[in-house]
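# Close look at the chain arrangement
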Amino acid sequence: MLNRRRFLAAAGIGAAAALHADPLGLPIGCQTYPVRDVLGQDFPGTLRRLRAIGYRNIEMCSPPGYANAGYGPLVNLKPAEIRDAIHAAGLGCESCHYQFAELKNSLEDRIAYAKELGLKQMVVSTFGLPAAATLAEWSRAADELNGIGERTARAGLQLGFHNHNFEFKEIDGVLVYDHLMNRLDPKLVKMQFQVSVISLGYEAATYLNKYPGRFLSLHLQDWSPAEKKQVAVGQGMVDWPKLFAAAKAGGIRNYFVELGMEALQPSYDYLHALTA
C-alpha cells in the first residue's frame, strides 16, 4: 500500500510537471540582438535579468562581427570571460550569430573563439546579398557556405543559416528558400527558421515538415495582422502547437525568442505553459 501511495504521488508530480513542460522538453532561450543596447551597458546585469524572467539559454552575436551593432563593449572581453559571465547568471549558450563576411575572412579565428566560448553551433545571420541578386548569386553564396561548413564540421561545430524575409521571394518562378534547400549540403549546413515570415504568408510548420531533419533551431516571434507588427509569442496568429509538432520532424535542437525586452516575459510565460 505504501509503495502504491508513493507511486501515485510521484505520478501526480509528474503529471503536474507535464502541464508546464517547456516545448519539446528543451530550455526556453532568447536571442540577445533585440536587447543588445542594455546588454552592452550592463552585461552581467542584463544576463541576470533574462534568467530572472525564466530563460535558461541565450544566443549571442559575435562581438567582433557585431562590434558596430551594439556588441562593441564586449569586444575586449575574452570569450572565456563572456562564457563565465553567462554561466554565472545561470544561463547556457551554445549558439551564436556570425556575419557571412567574418566567416569568409577570419574563419579559423572565429572557430577558436567559438570553441573557447563553449559553442556547439555557429549560425550565419544573412548572406547580405543585394535585393536584386540573381539565383546564380544565391547559388554561389550557398556553395561558399558549404565550404565553410566543411571546416566547422572538422572542428566539431555545426554550421547553420538564418533566414529573413529576403529568402521568401521568387526569382524566375523559384522560391529562393527552396533553391537554398536544394543547394546547401544537409549535413554541413542546418537551417535556423525565423517564424516571423508568417507576415508574408509562410508558416514555419510547412517547411519543418517539408524538409525533415534539415533544421537546427527556431527564432520565435508572433505576428498581429490587425496591428501589422511583431508581438509577443502567443499573442498573434502563429499556431504554436502545430509549429512545435512539426519541429520534431524538422530536427529542432534549440529555439530562441527574438523580441524586445517588453515582450520577453509574456513570451516566456506562454511557452512555459505550452504542452508540446
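Quick summary incoming for the structure in this document. From a predicted model like this one, the values you see are computed outputs, not experimental measurements.

## Digging into the overall build of the protein chain
A tally of helices and strands in the protein chain yields 10 helices and 12 strands. In the protein chain, the share of contacts with a sequence separation of at least 24, taken over all contacts with a separation of at least 6, comes to 80%. When the accessible surface of the protein chain is split by element, carbon and sulfur atoms take 52% of a total near 12,300 Å². A gap of 8 Å separates the mean positions of the 28 positive and 27 negative side-chain charges of the protein chain.

## Some details on the packing of aromatic side chains
Between two aromatic rings, the relevant description is the distance of the centres plus the angle of the planes. The tally for this structure, following the rule as stated, stands at 17 aromatic pairs. Plain terms: the ring middles of Tyr177 and Phe193 are 5.7 Å apart, the flat faces sit at 75° to each other, and that makes the pair edge-to-face. Note that Tyr177 is positioned in helix α7 (residues 176-183) and Phe193 in strand β8 (residues 189-194), a separation of 16 residues in sequence. Judged by its relative accessible area of 0%, Phe193 is buried. Between Phe244 and Tyr255, the ring centres sit 5.3 Å apart and the planes meet at 65°, which makes this aromatic pair edge-to-face. You can see Phe244 sitting in helix α9 (residues 240-250) and its partner Tyr255 sitting in strand β12 (residues 254-257), a full 11 residues away along the chain. The burial state of Phe244 is the same as that of Tyr255; both residues are buried. Ring pairing ties together the aromatic residues Phe168, Tyr177, Phe193, Tyr202, Tyr207 and Phe215, which thus form one cluster.

## A few points about the sheet that holds strand β2 (residues 57-61)
Reading around the circumference, β1-β2-β3-β4-β5-β8-β9-β12 is the order of the eight strands in this closed barrel, with parallel pairing throughout. Each strand of the sheet is rotated relative to its neighbour by a mean of 30°, with strand direction disregarded. Both β2 and strand β3 (residues 92-98) contribute to a ladder of four bridges, which runs parallel. Counterpart to Cys61 in the pairing with β3 is His97.

## Notes on the nonpolar core
Membership of the largest hydrophobic core comes to 86 residues, with the highest contact counts inside it found for Met60, Phe215, Leu218, Leu220 and Phe244. Residue contributions to this core peak at seven residues, all from helix α5 (residues 100-117). Every residue in contact with Leu218, bar those within four places of it in the chain, is listed here: Gln192, Phe193, Leu208, Leu243, Phe244, Ala247, Ile252, Asn254, Tyr255 and Phe256.

## Digging into empty space enclosed by the protein
Across all of its chains, the model carries one cavity of 30 Å³ or more by this definition. Reported here for the largest cavity is a volume of approximately 60 Å³. What lines the largest cavity is Val195, Ile198, Tyr202, Glu203, Ala204, Ala205, Val238, Asp239 and Leu243. The residue makeup of the lining of the largest cavity, split by class, is seven nonpolar, no polar and two charged.

## Focus: the pattern of salt bridges
Following the criterion strictly, the structure yields 11 salt bridges and no others. Arg83 is the partner of Asp84 in a salt bridge, and the nearest nitrogen-oxygen pair spans 3.2 Å. Assessed through its relative accessible area of 26%, Arg83 is described here as partly exposed. Salt bridges linked by common partners bring Glu102, Asp109 and Arg110 together as one network.

## Structural notes on the state of the cysteines
With the rule as written, the count across this model stands at zero disulfides. As a non-bridged cysteine, Cys30 has Cys93 as the owner of its nearest cysteine sulfur, 10 Å distant. Here Cys96 stays free of any disulfide, with the sulfur of Cys61 as its closest cysteine sulfur at 6.3 Å. Among the residues examined, Cys96 registers a relative accessible area of 1% and is labelled buried.

Calculation criteria
- Residues numbered from 1 in each chain as written.
- Predicted model: local features only at pLDDT ≥ 70, side-chain atom pairs only at ≥ 80, totals over all residues.
- Heavy atoms only, no water.
- Helix = DSSP H or I, 4+ residues; strand = E, 2+ residues; numbered from the N terminus.
- Contact = heavy atoms within 4.5 Å.
- Areas by Shrake-Rupley, 256 points an atom, 1.4 Å probe, with all protein chains shown as cover.
- Lys, Arg positive; Asp, Glu negative; His and termini not counted.
- Charge placed at Lys NZ, Arg CZ, Asp CG, Glu CD.
- Phe/Tyr/Trp six-rings, centres within 6.5 Å; stacked < 30°, edge-to-face > 60°.
- Buried < 20%, exposed > 50% of the residue type's maximum accessible area, 1.4 Å probe, protein only.
- Pairing = 2+ DSSP bridges.
- Axes fitted to C-alpha atoms, helices over the stretch in contact; angles between N-to-C directions.
- Core = buried A, V, L, I, M, F, W, Y, C linked by side-chain atoms within 4.5 Å.
- 1 Å grid on protein atoms, 1.4 Å probe; cavity = no way out; pocket = protein on both sides within 12 Å on 5 of 7 lines; lining within 4 Å.
- Points joined across faces, edges and corners; volume = space filled by probe spheres on them.
- Nonpolar A, V, L, I, M, F, W, Y, C, P; charged D, E, K, R; others polar.
- Salt bridge = Lys/Arg side-chain N within 4 Å of Asp/Glu carboxyl O.
- Disulfide = S-S within 2.5 Å.

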